[in-house]
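Residues per chain, in single letters:
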Amino acid sequence: MKYLNFALIGFILVTASGCFDDHLISETGFREKVNASFSETQVIAGKRSEQLFAVFRNDLTTRQIEALKFLYAYMPLNDLADYTGEFFLANADLSLKARDEAPWGRSVPEDIFLHYVLPVRVNNENLDSFRIVCYDEIMTRIRDKRNLVDAALEINHWCHEKVTYQASDSRTSAPLSTMLSARGRCGEESTFTVAALRTAGIPARQVYTPRWAHTDDNHAWVEIWDNGKWYYMGACEPEPVIDRGWFTEPARRAMLVHTKAFGHYHGDEIVMNRHEKYAEINTLPKYAVTRQIYVKTIDQEGKPVRNAIVEYQLYNYAEFYPLAAVPTDDNGVSTFITGLGDLLVWGRSEDNFDFRKISVQAVDTVMLTLGSNHEPRNIDIDLEVPLARSPLPAPSAELSEANKKRIETENAVRNKYIGSWISTEETAEFSRQFGKDSSRVTRIIKKSMGNYGSIMKFLEQTSDTLWPLAVSLLEVVAEKDLRDTRENILDDHLSFSVPYFRNSVNDSLFIQYIMNPRISNEILTSWRNHFLMKLPEELKSAAPDSPHMITEWFNDSIVIDDFNNYSKTALTPIGVSELKISDSRSRSICFVAVCRSLGLPARLEPGSLVPQYWYNASWQDVYFSDQKQPGTQKGYIRFSSDDTNPVPEYYTHFTIARFSNGRYNTLEYDFNRRVNTFSEELQLDPGHYMMVTGNRRSDGRILTGITFFDLTEGEHRKINVKLRKDLSPPEILGNIDMEKVLSFLPAGSPADKGVAIVWIDPLTEPAKHILNDLPLLKNELDASKIQFVFISESPVENKEMLPENALFFSTGDHPPDDLISLPTRDFGTPLLIVADDRGSILLISEGYRIGIGEQILKATNYQQPATSN
């Protein structure tokens, strides 16, 4: 293979200004930094040089060369591993085209264009050809817009025609995949919208609060730049004006809103961390009242600790989540600008650490003495969240009404597209050919949404004898995989795993841990045939009987670089094997892929995510040469709990974490997994552990507990998960006239245990969270005998998933205004009011909130029957 002469590339990049048109990068010092980073990329990308750099042999203009150079200089490792120079050139060309064609294009400064228009990547999505596919459609949509803000608002309407909110797993789908299924979670909606805005030459970025303070979960939205200022809007959630969204009020209670700037950033915003390839920017002051806090770290002798890492941790999802990790300066000081709530401040240097709770509104300075602080102990911490503020004024009624009508039209456009998918009758007809598996196939096709054609084609081209395995493969992958995986990829995983079926220990082991292409949250690719073609023959023949050879191959072949894959998007297994450079997580995924390609059952261990293979009838942990192996024998933990209101759930009420590199890292078990479903002992590596418990009160205050303990080799330890209880008497928040409630309800409607009235617009994201939360506790809510009343602007779907004691009304026939006596103030929507059988209001929940079913049960003091565990 002929490789490009990098010295020649350097000459072209330096001298191009005398040969072609105007520069994209005019500032000399900045160009020098880009050149230096580009040279480093050449070294990193060595094994894929031809795929990435051959594009420079084309007859390129100065702007094309400098655009590519900037992208290459700062792109994360996964982009170097999995994409080609032609792909990046095609996208760069469209960015330059938009810069020339859009009325605002040339008014966007060079640095803003480079950081926020040119980059294809938004955050942690897999890249696709969205700009190439959608450029003409987007530019046509805004052809009469002469103003950047007006164009951005119009593009958001276009985005809403294509995509609406639906919760999903943590893998961020690419924009075209999101559009294919017509839905996505907020991270996908905002990635999609930023991609659309950048396609039109509009500087845009995804901003997000990594965790809320007042409720579990997080949120992402979009900011656009115009004339020296950043403005925000909800992604795929068009408003009539800029700087407005349903999340406006929650964002005013946030503890951090931040974003990443691609490349070497030298703007004047608040930079929390400045890395070689990107900058972390704190945009919270745009949204909330803030305060700067200072943390000084010292060692046991009282000397400042330089380059210690200070994590500013927020309680969320039953763990103390690091909002930001800011190193200390030469004086041992780290600073952070945050909101007016409570944080756990955790300082660490190597294996030494210290932590303190801090109330930002009361204290702005804290001292941490780093040391070995592992002594077993229990600590109770009460945490306050930022107070809700008086709502900002809404847009005028006229603008809001006009926008509402547009949204209804856009919903119709999107629903027409969804209606073009395969019909129920066509699905049934197709599924009948699969005989006893027909109902399974019907469910699979329904889940595949706009990707139904690929799923059906995969099944159609599969031989009759392999149908059962093909159906099993489609059932074992994630639901999102059904929505964006092409038939050729599915065929790769079926065809090249079938030879191992007869030799497998049992069917479930084969399906789950050999044939299954889903390993973590990486994008699915056709890696089986690749490894069968590329791996050394000696390894392929000997590894099934000597699995340690696979580990040795990775030790010899793959270089670890955990810094340069800053997007946190996993390299594909093919990308790892071709680039020969990987972050640790992608290497683990690739290891499992190689094992499965060779017929060896493998997985990432639930909890620790340590790679394992099945050998001698048990799972064997894998540690590579750069990793420290814990003890040779495991320790064992069994959970128990007597709590019934609520029954503790993982990532809702408790988590467990193991100490490594100065911090406790949460073990990744399933969300909402109840403590009594941990029926078997957990096999864990010996070491230091921490359990966190938390109980959110209805007013937002959190009662947390931290338990530090050690687990030794061979030890069997029982851990009692006990949540701290709120012992204060219930506060009566107002009254409901129960006689009027009963008179309004149909005859015979039960309300003897109280009533929950919900004002809701089912099409909005906060409402969808309520409608997703309530089914999780349907059995308990049914047993509580609370009467639910839903008053909605649009029809509520999937009513059968909601509590059985539920009635549904439209806003045109809702209960009378004098039904409820509340403090005089404006309430946000959705609005939930829970009252007991006497009409005393026990709970008011407004706006965006997670876990509303649990709050209802706690307010009414429902006790679930105890379950043995």
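Use the structure listed above.
Everything numeric in this text was worked out from a predicted model, so none of it was measured.

Colleague: Would you mind going over the overall build of the chain with me for this structure?
Modeller: Looking only at helices and strands, the chain features 29 helices and 35 strands. Taken over C-alpha atoms, the radius of gyration comes to 28 Å for the chain, in line with the 29 Å a tight globule of 869 residues would show. For the chain, the spread of C-alpha atoms along the three principal axes comes to 85 × 75 × 70 Å. Buried positions account for 58% of the 869 residues belonging to the chain.

Colleague: Please explain empty space enclosed by the protein as it appears in this structure.
Modeller: To find leftover empty space, one rolls a probe the size of a water molecule over the atoms. According to the stated counting rule, one finds 7 cavities of 30 Å³ or more in the structure shown. Here the largest cavity defines a volume of roughly 190 Å³. Around the largest cavity sit 16 residues that line it, and Arg121, Val122, Asn123, Lys260 and Phe262 are the ones nearest its centre. The set of elements that each furnish at least two residues to the lining of the largest cavity consists of β3 (204–209) and β6 (258–262). Looking at which element gives the most residues to the lining of the largest cavity, the answer is β6, with 4 residues. Here the residues of the lining of the largest cavity sort into 7 nonpolar, 5 polar and 4 charged. There is about 90 Å³ of room inside the second largest cavity. Forming the boundary of the second largest cavity are Asn91, Val120, Glu125, Asn126, Leu127, Asp128, Phe130, Arg131, Pro175 and Ala195. In terms of residue class, the lining of the second largest cavity is made up of 5 nonpolar, 2 polar and 3 charged.

Colleague: Can you help me understand the packing of helix α9 (residues 148–162) against helix α13 (residues 397–419) in this one?
Modeller: Helix-helix packing: each pair is described by the crossing angle between the helix axes and the interaxial distance. Between α9 and α13, whose axes approach to 7 Å, the crossing angle comes to 40°. Between α9 and α13, the angle is such that the two are oblique. The interaxial crossing formed by α9 with α13 has right-handed handedness. Mapping the contact onto sequence places Glu154, His157, His160, Glu161 and Lys162 in α9 and Asn403, Arg406, Ile407, Glu410, Asn411, Val413 and Arg414 in α13. Taken together, the residues of the contact of α9 with α13 break down into 2 nonpolar, 4 polar and 6 charged.

Colleague: Got a minute to help me understand the nonpolar core in this structure?
Modeller: In globular proteins that are soluble, nonpolar side chains generally tend to be buried together. Within the largest apolar cluster, 79 residues are counted, with the highest numbers of intra-cluster contacts made by Phe56, Tyr72, Phe88, Ile550 and Phe554. A per-element tally of this core places helix α4 (residues 62–74) first, with 8 residues. Core analysis: the second largest hydrophobic core is formed by 40 residues, Ala324, Leu344, Val360 and Val366 among them.

Colleague: Please clarify how the sheet that holds strand β31 (residues 787–792) should be interpreted in this entry.
Modeller: Two modes of strand pairing occur in sheets, parallel and antiparallel, and in both the strands are linked by backbone hydrogen bonds. Ordered by their spatial adjacency, 5 strands build an open sheet running β32-β31-β30-β34-β35, and the pairing between neighbours is mixed. Of all the strands in the sheet, the pair left with one neighbour each is β32 (806–810) and β35 (841–846). Taken pair by pair, the neighbouring strands of this sheet meet at an average axis angle of 15°, ignoring direction. Here strand β30 (residues 755–760) pairs with β31 via 6 bridges, running parallel. Paired with Ala756 across the bridge in β31 is Phe788.

Colleague: So what exactly am I meant to see when it comes to α4 here?
Modeller: Since the α-helix advances by 3.6 residues per turn, residues separated by three or four positions end up pointing in the same direction. Between the first and last C-alpha of α4 there are 19 Å, a value that for 13 residues agrees with the 18 Å anticipated at 1.5 Å per step. By the criterion of burial, α4 is predominantly enclosed, with 13 of the 13 residues buried.

Colleague: Please explain the pairing of strand β4 (residues 219–226) as it appears in this structure.
Modeller: The side chains of a regular strand alternate between the sheet's two faces. Judged by how many residues are buried, β4 sits mostly within the fold: 8 of 8 residues are covered. In this structure, β3 lies alongside β4, joined through 6 bridges in antiparallel fashion. Paired with Ala204 across the bridge in β4 is Ile224. Bridging between β4 and strand β5 (residues 229–233) involves 5 bridges; their strand directions are antiparallel. Looking at the pairing, Ile224 lines up with Tyr231 of β5. Hairpin geometry of β4 and β5 is characterised by an intervening segment of 2 residues between the two adjacent antiparallel strands and by a positive phi of about 50° at Asn227.

Colleague: Quick question: what am I supposed to make of the packing of aromatic side chains here?
Modeller: Where two aromatic rings form a pair, the distance of their centres and the angle of their planes describe that pair. All told, the structure shown has 61 aromatic pairs when counted by the stated rule. Their ring planes at 75° and their centres at 6.2 Å tell us that Tyr83 and Phe88 sit as a pair that is edge-to-face. Where Phe130 meets Trp158, the ring centres are 6.3 Å apart and the plane angle is 65°; that geometry is what we call edge-to-face. On the criterion of sequence distance, the pair formed by Phe130 in helix α8 (residues 130–141) and Trp158 in helix α9 is long-range, its members being 28 residues apart. Relative accessible area serves as the criterion here: at 2%, Phe130 is assigned to the buried category. The class for Trp158 is buried, based on a relative accessible area of 2%. Members of the aromatic cluster, each reached through a chain of ring pairs, are Tyr317, Phe639, Tyr650, Tyr651, Phe654, Tyr669, Phe671 and Phe678. In this structure, Lys260 packs its charged tip against the face of Tyr278, placed 4.9 Å from the ring centre. Here the guanidinium or amino end of Arg377 rests over the ring plane of Phe708, the centre of that ring lying 4.3 Å away.

Colleague: Sorry, what's going on with the environment of Val271 here?
Modeller: You can see Val271 is positioned in strand β7 (residues 270–274). The sequence separation of Val271 and Glu537 amounts to 266 residues, and the corresponding C-alpha distance is 50 Å. Apart from residues no more than four positions distant in its own chain, Val271 is found in contact with Tyr265, Ala279, Glu280 and Ile281.

Colleague: Help me out: how do you make sense of the pairing of β31 in this one?
Modeller: Of all 6 residues in β31, 6 are buried, a share of seventy percent or more. In this structure, β31 lies alongside β32, joined through 5 bridges in parallel fashion. Note on β32: the bridge partner recorded for Ser792 is Ser810.

Colleague: Honestly, the packing of helix α15 (residues 438–448) against helix α17 (residues 467–476) in this entry has me stumped. Any pointers?
Modeller: Closest axis-to-axis distance for the α15/α17 pair is 10 Å, and the angle between their directions is 40°. In terms of orientation, α15 lies oblique with respect to α17. Judged by the twist between their axes, the crossing of α15 over α17 is left-handed. Contact residues: α15 offers Arg440, Val441 and Ile444, while α17 offers Val471, Ser472, Leu474 and Glu475. Each residue belonging to the contact of α15 with α17 can be placed in one class, and the counts come to 4 nonpolar, 1 polar and 2 charged.

Colleague: Looking at this model, I keep getting lost on the sheet that holds strand β28 (residues 716–720). Mind explaining?
Modeller: Here we have 3 strands laid out as an open sheet, ordered β25-β22-β28, and mixed in their pairing. Each of the sheet's edge strands pairs with one partner strand only, and the pair in question is β25 (682–684) and β28. Across the sheet, the axes of successive neighbouring strands diverge by a mean angle of 30°, strand direction being ignored. Alignment of strand β22 (residues 635–640) against β25, held across 3 bridges, turns out to be antiparallel. Among the inter-strand pairings, Gly635 is bridged to a residue of β25, identified as Leu684.

Colleague: How should the pattern of salt bridges be read in this particular structure?
Modeller: Pairs may arise between side chains of opposite charge once their charged atoms sit close together. Evaluation of the coordinates by the stated rule reveals 53 salt bridges. Salt-bridge contacts for Glu154 lead to Arg406; the nearest nitrogen and oxygen are separated by 3.0 Å. With Glu154 in helix α9 and Arg406 in helix α13, this residue pair connects regions lying 252 residues apart in the sequence. In this structure, Lys778 and Asp782 form a salt bridge, with 3.2 Å as the shortest nitrogen-oxygen distance. Residue Lys778 and its partner Asp782 are both found in helix α28 (residues 778–784); the two are separated by 4 residues, about one turn of the helix. In this structure Asp782 comes out as buried when scored by relative accessible area, which is 11%.

Cut-offs and rules
Residues numbered from 1 in each chain as written. Predicted model: local features only at pLDDT ≥ 70, side-chain atom pairs only at ≥ 80, totals over all residues. Heavy atoms only, no water. Helix = DSSP H or I, 4+ residues; strand = E, 2+ residues; numbered from the N terminus. Rg over C-alpha atoms; globule rule 2.2 N^0.38 Å. Buried < 20%, exposed > 50% of the residue type's maximum accessible area, 1.4 Å probe, protein only. 1 Å grid on protein atoms, 1.4 Å probe; cavity = no way out; pocket = protein on both sides within 12 Å on 5 of 7 lines; lining within 4 Å. Points joined across faces, edges and corners; volume = space filled by probe spheres on them. Nonpolar A, V, L, I, M, F, W, Y, C, P; charged D, E, K, R; others polar. Axes fitted to C-alpha atoms, helices over the stretch in contact; angles between N-to-C directions. Parallel < 35°, antiparallel > 145°, perpendicular 65-115°, else oblique. Left-handed = near helix turned anticlockwise from the far one by under 90°. Contact = heavy atoms within 4.5 Å. Core = buried A, V, L, I, M, F, W, Y, C linked by side-chain atoms within 4.5 Å. Pairing = 2+ DSSP bridges. Expected span 1.5 Å × (residues − 1). Phe/Tyr/Trp six-rings, centres within 6.5 Å; stacked < 30°, edge-to-face > 60°. Lys NZ or Arg CZ within 6 Å of the ring centre and 35° of its normal. Salt bridge = Lys/Arg side-chain N within 4 Å of Asp/Glu carboxyl O.

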